Amino acid sequence: MLGPLVVTKKVIEQKSFHWLFHTKHVLGGNVLRKPSRGDPNRTITFTREVSFRLSDSGQLHNCTMFFFRNEHLAVLICALTESLVFASLKNDTIKIGTSSTNIVPYLPMRWKEEIKLAVQSSESTCAVEILAVIQAVESGQTWAVQMLDASSGFVRGNILDLGTYDECIEVNGQSDNVSIRGKLCMVSFMSTFRTLTPAISRVNDRIFSSVCFPSSCNETQVEQIMNAALRNIPVLSDLGFSATEALCAREEVEGFSVGTLSTIMFVVAVGLFLIYCTVCDFVRRRRPAEASSLMIKFSKFSLYTNILEMFVTKELPAIEGMRVLSMCWIVMHHQSFMFLLIPTVNRADVDKWYNSWTSLYTEAASFAVDTFFLVSGFLTAYSFFLARKSGKPINWRRFYLHRYLRLTPSLAFVMLISSFLARWNGNGFIGGSFLARSVENCHENWWVNLLYLQNFVNKERMCLLHSWYLAAEMQLFWISSIIMYSLHRWPKYGLRLLGCFLVISVAIPPVVLATSGYSHRLSALHFEQGKIVSENLFNFYMPTYNRGFPYFLGVLLGYDVANTKRQLTKVNAAISWIIACVLMLLCVVSTHYIYNTDIGYNLALETVYALTSRPFWSIAVAWIVYACTQGCGGPVTGFLSSPFFQPLSRISYSIYLIHVGIQVMRLTHERTLVFVANSTIIEAYLTNMVMSIGVGFFVYLCFEVPAAVLENIFTNRVLGSNQAIPTEGFDKKTRISNEAAKDK
């Protein structure tokens, strides 16, 4: 609550004292200075707000709590917050000076005169410099305002106070037969004062403070109470401050529901079944002559056998290296954007970082998605035409069923975990609201994901936001079957049809962008009430019609590699490598200028980027794939074919499904504002990547592989074991692993 709050020991019991001081975690140890225990009147000074004296017995004599040091400084900080933050984000020194000059008249002269009197009695250099600082603040000089702000960091973007969530929810007291439980609420404040106009629109034009309220208070009541408090502080009401919104954290996790218990029982049952199958596998290996047909089938689910299978080299090992590196890049991309959605101490520095060249390694990571589209289209077409060359008939039912059953079981399991077990991972404001919204979305829209329509249907309430890729890839797979059949039956007309799709997929993105005014800047997204808000993300980045070119180019490449053998000269190969490197470099460098908010939105530049970026990148990656399959890759092929990538490639689909959940889970356990820097992002990325690999390994062995075994048993029994499926099977020489059918 704003303004001084005086509390005496007559009205404070331990529990209520605990409740009052949650905001800065005074009782939890937020201590700035603690004198020696020998001082009988030692003073403990807490950061920013609290100062009280303790006797030898440690009893509380009196306690005066200020939200912003005192009422006078409250005026300065509240009034300067928005104008200084938003002006500083654009280095607008004139605006900073003007704002501080306009605020100076609101500062009571007694505050300044008391400081002047205190330092004028001294002849030290400090006294002279303090007087100079006060004069500089009055004249609105930027450096002086920065010096004053350094204790709080508002100018750097520290406009949010998270309070202490755990201390608040631990409150469980009683007074006058009324039971009180704590609930932490974040209240946003906005001012209508004319100098408090934000210089940019990317950052919320509000300041936020966390307050612990009784759990019976709802968000509307919290907002009304805070506005009533503001109206009774004249200096703040004159500046037009009001509470505009309140968001309260969920008090506690609900009890075990039927869905939660069923999910836990299902996971345990799967684990026990796989252990039993592993035992059967060991028995079969020791006594092969005594193994029954049922035991042999159970052995296919063996954890031991499937772990060994992870290290078997596939027919196109270089593809596996590309898949792993692209997956790591995507995880890095998502990790960097997590810092856009959470409260940070240095938001101004974050924006400067996103506009600098040092952030390019995360901004350009969206091209890894196009790499996956191209590789998926290539493997689908390559395996299809190899099957046709071997003379096997097309079983279209099995063709589509195979694809669906390869992707869906693991996706369904992750949705199940997200719906019923994710809520137990944590709570609070950092990640907690996003987690709660994600659980709600999965409860409502799980069926959309099973139909692979989530990038069009209820897309803003999508269960597993990153699963949009699976929907787009599945839709492109459906379309590609028509193209591949045409290429097989009528090659001449099939090539024309594929060419039309390529041209259309190049033309659609710039047309959509130019007519609707979208942007490639995903960094413009923001977070409200646990929901990601971004028209660019949902209406331009995710739709399938904007992502088709790399996939169709992959289909063309797969058709060519499967049906045509060429011998390239070293000169031609070298020229192709140079062109590919130039195209990739051009795409990466141009991304910096597209994402840089200092440049401003340029429709012509955005349109040209939409027209060229994905085609250029896709052509470059297509050459790398072609060179590695035709013996022209040299050291690149050797690196991408490293045995290190083989097991990681096997679990890459599982990593893709669960890595965002791992990132959100870790955020829910954060209780403080995050300082963002390159080192912070890399550290968080490495931690989350290691955790994702571990959990992905579990999901792969316990759900992805068993589902694939069940699919093979089912399709062979129901559809007939003598009927081919285009994405698997052939002979050992030309075999493409089933993993090709489930690229991310």
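This one's a predicted model, so the numbers in the text were calculated from it and none came from an experiment.

A. Broad picture of the packing of aromatic side chains. As enumerated under the stated definition, the model contains 40 aromatic pairs in all. An aromatic cluster of at least three residues, connected via ring pairs, comprises F384, F385, W396, F399, Y400, F477, Y485, W490 and Y559. The ring of F477 carries R403 above its face, with NZ or CZ at 4.8 Å from the centroid.

B. View of the pairing of strand 9 (residues 207-214). Most of strand 9 is tucked away: eight of the eight residues are buried. In terms of strand pairing, strand 6 (residues 160-161) meets strand 9 through two bridges, oriented parallel. The partner of D161 across the bridge, within strand 9, is S209. Here strand 8 (residues 178-191) runs beside strand 9; their pairing, made up of eight bridges, is antiparallel. Bridging from a neighbouring strand, G182 pairs with P214 of strand 9.

C. Structural view of unusual backbone geometry. Look at Y452: it is not a glycine, yet its phi comes out positive at around 55°. Position of Y452 among the secondary structure elements: in the loop between helix 18 (432-450) and helix 19 (468-489).

D. Quick peek at the environment of W396. With respect to the helices, strands and loops of the structure, W396 is situated in helix 17 (residues 396-420). Taking the C-alpha atoms as reference, W396 lies 9.2 Å from S481; in sequence the two are 85 residues apart. If near-sequence neighbours (up to four positions away) are discounted, W396 is found in contact with F384, S481 and Y485.

E. Highlighting the nonpolar core. Core analysis: the biggest nonpolar cluster contains 128 residues, and F378 and W468 have the highest contact counts within it. Per-element accounting of this core gives the leading share, 14 residues, to helix 16 (residues 367-389). Discounting chain neighbours no more than four positions away, the residues touching W468 are V369, F373, Q454, N455, M462, Y541, M542 and R547. Core analysis: the next-biggest nonpolar cluster, separate from the first, contains 15 residues, C185, F213, C217 and M226 among them.

F. Main features of empty space enclosed by the protein. Scanning the entire structure with this criterion turns up five cavities of 30 Å³ or more. Looking at the lining of the largest cavity, the elements with two or more residues in it are helix 16, helix 21 (535-541) and helix 24 (603-629). Sorting elements by how many residues they give to the lining of the largest cavity places helix 24 first, with three residues. Classifying every residue of the lining of the largest cavity by side-chain character gives six nonpolar, four polar and three charged.

G. Highlighting the state of the cysteines. All told, the structure shown has three disulfides when counted by the stated rule. Each sulfur of the disulfide joining C442 and C463 lies 2.0 Å from the other. Across the disulfide from C442 to C463, rotation about the S-S bond amounts to roughly 80°, and the bridge is consequently right-handed. With C442 in helix 18 and C463 in the loop between helix 18 and helix 19, this residue pair connects regions lying 21 residues apart in the sequence. Looking at C442, the relative accessible area reads 1%, which means it is buried. Sequence-ordered numbering of the disulfide-bonded cysteines in the protein gives the connectivity 1-3, 2-4, 5-6.

H. View of the environment of V171. By the element assignment, V171 lies in the loop between helix 7 (165-169) and strand 7 (172-175). In this structure V171 comes out as buried when scored by relative accessible area, which is 5%. Each C-alpha atom of the pair V171 and P214 lies 9.1 Å from the other, and the pair is 43 residues apart in sequence.

I. The arrangement of a nonpolar patch on the surface in detail. Together, F256, L261, I264, M265, V268, L272, I275, V279, V283 and W424 make up a nonpolar patch on the protein surface, roughly 940 Å² of accessible area in all. Tracing the backbone through its elements, the reader meets L272 in helix 10 (residues 258-286). Overall, the relative accessible area of 56% leaves L272 in the exposed class.

J. Structural detail: the side chain of D370. Turning to its location among the elements, D370 is positioned in helix 16. Residue classification places D370 among the buried residues on the basis of a relative accessible area of 2%. Other than its neighbours up to four places away in sequence, D370 contacts R547, P550, R614 and W617.

K. Spotlight on helix 13 (residues 317-341). In this model, helix 13 (25 residues) spans 37 Å end to end at C-alpha, consistent with the 36 Å of a helix rising 1.5 Å per residue. Within helix 13, 21 of the 25 residues are buried, which leaves the element mostly enclosed by the surrounding structure.

L. Quick peek at the packing of helix 13 against helix 14 (residues 347-354). Running from N to C, helix 13 and helix 14 point in directions that differ by 145°, and their axes come no closer than 11 Å. Between helix 13 and helix 14 the crossing geometry is left-handed. Between helix 13, through S336, F337 and L340, and helix 14, the contact on the second element is made entirely by R347, V350 and Y354. Looking at the contact of helix 13 with helix 14 residue by residue, the classes come out as four nonpolar, one polar and one charged.

Rules used in this analysis
- Residues numbered from 1 in each chain as written.
- Predicted model: local features only at pLDDT ≥ 70, side-chain atom pairs only at ≥ 80, totals over all residues.
- Heavy atoms only, no water.
- Phe/Tyr/Trp six-rings, centres within 6.5 Å; stacked < 30°, edge-to-face > 60°.
- Lys NZ or Arg CZ within 6 Å of the ring centre and 35° of its normal.
- Buried < 20%, exposed > 50% of the residue type's maximum accessible area, 1.4 Å probe, protein only.
- Helix = DSSP H or I, 4+ residues; strand = E, 2+ residues; numbered from the N terminus.
- Pairing = 2+ DSSP bridges.
- Contact = heavy atoms within 4.5 Å.
- Core = buried A, V, L, I, M, F, W, Y, C linked by side-chain atoms within 4.5 Å.
- 1 Å grid on protein atoms, 1.4 Å probe; cavity = no way out; pocket = protein on both sides within 12 Å on 5 of 7 lines; lining within 4 Å.
- Points joined across faces, edges and corners; volume = space filled by probe spheres on them.
- Nonpolar A, V, L, I, M, F, W, Y, C, P; charged D, E, K, R; others polar.
- Disulfide = S-S within 2.5 Å.
- Patch = residues over 30% accessible without salt bridge, like charges linked within 9 Å, V, L, I, M, F, W, Y side chains within 5 Å.
- Areas by Shrake-Rupley, 256 points an atom, 1.4 Å probe, with all protein chains shown as cover.
- Salt bridge = Lys/Arg side-chain N within 4 Å of Asp/Glu carboxyl O.
- Expected span 1.5 Å × (residues − 1).
- Axes fitted to C-alpha atoms, helices over the stretch in contact; angles between N-to-C directions.
- Left-handed = near helix turned anticlockwise from the far one by under 90°.

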